[in-house]
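Listed here are the chains, written in short residue letters.
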Amino acid sequence: PGPYYPALDVLYPGTRITLIGQHPVYYFYWLARTEDGLECWVPRRWTDAPPDAAERLPRVPEVPPPPPGAFVVVRYRPVFMVPFCPEFFGPALQFTVKNLGPEPIRSMEMWIEVLETGAVYHTVREEGVPTCLKTRTQIPSRARADIVARTKVDLTEKPILITIKACTQPYFRGACVQYTMRWTVPKPPVYPMVRP
């Protein structure tokens, strides 16, 4: 139940599946059985399950461990200047990534595509991960790290497509996982000025 597991099959629109369970934590996915008898996890948003399906289906806590290189983005936000990071003066996007796999992540690459204009911003670290800490050579297993992608322009309120690729060895060797998501960059909060 996650985008980092290998795909088992392709289900086309209109394919009939039988829902047989749900996970108590990964609630964005159903456990389903195809007409051929294959059991797999299917994103809830791609099904037209009845509204009360979550109440009727049993919970399935057994999930295979995430593969090496697996990660998830747990938070993302725009930044206009990353402190103490001359490389990232100017607009950028910052992501908090959690390594779910059993091995450290040792190389990482990000593409940000602005859907309105087609502009693409590419950040790559063939050895290490793109943070401001020059010594950050990896994200250990089960650890989180803030990674940064410079965009050169302010992307506030623009829809973007973000693709992040992470690998367990430098130079994109070892096990690699790629994660893509669509996001509209929100306006940063405005706090009122307090007079002394």
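Preceding this paragraph is the structure being described.
I will try to describe carefully the structure that is included in this document. Everything quoted here is computed from the prediction, not taken from an experiment.

### Concerning the environment of Arg-144
Along the chain, the position of Arg-144 falls in strand β8 (residues 144-150). Residue class for Arg-144 comes out exposed when judged on its relative accessible area of 52%. Note: C-alpha distance between Arg-144 and Phe-71 (73 residues apart in sequence) is 9.4 Å.

### Thoughts on the sheet that holds strand β9 (residues 159-169)
Pairing within the open sheet is antiparallel, and its four strands lie in the order β7-β6-β9-β10. Here the strands that pair on one side only, and so sit at the sheet edges, are β7 (120-125) and β10 (173-184). Within this sheet the neighbouring strands show an average axis-to-axis angle of 10°, counted without direction. Across eight bridges, strand β6 (residues 107-114) lies against β9 in antiparallel orientation. Bridge pairing in β9 places Ser-107 opposite Cys-167.

### Overview of the state of the cysteines
Scanning the model with the defined rule gives one disulfide in all. Between the sulfur atoms of Cys-167 and its disulfide mate Cys-176 the distance is 2.0 Å. Judged by the sign of its S-S torsion, about 110°, the bond between Cys-167 and Cys-176 is right-handed. Its relative accessible area of 0% is what places Cys-167 among the buried residues. Judged by its relative accessible area of 34%, Cys-176 falls in the partly exposed class.

### Thoughts on the pairing of strand β1 (residues 17-22)
Sheet topology note: the β1/strand β2 (residues 29-34) ladder contains five bridges and is antiparallel. The partner of Thr-18 across the bridge, within β2, is Arg-33. Counting the residues that bridge the hairpin from β1 to β2 gives six residues.

Conventions used here
- Counting starts from 1 at the beginning of each chain's written sequence and moves along it residue by residue.
- The predicted origin of the model limits local features to residues at a pLDDT of at least 70 and limits the giving and counting of side-chain atom pairs to 80 or more, whereas totals for whole chains, interfaces and linings rest on all residues.
- Hydrogens and water are ignored here; the side-chain numbers use all heavy atoms of the structure.
- By definition, any uninterrupted DSSP run of H or I lasting at least four residues is a helix, any uninterrupted run of E lasting at least two residues is a strand, and each is numbered from the N terminus.
- Only protein chains enter the accessibility calculation, which uses a 1.4 Å probe; a residue is then buried when its area is under 20% of its type maximum, exposed when over 50%, and partly exposed in between.
- Pairing between two strands requires that DSSP report at least two bridges joining them.
- Axis lines are fitted to C-alpha atoms, over the contacting stretch for helices. Their N-to-C directions set the angle, which ranges from 0 to 180 degrees.
- Pairs of cysteine sulfur atoms within 2.5 Å are what we label disulfides.

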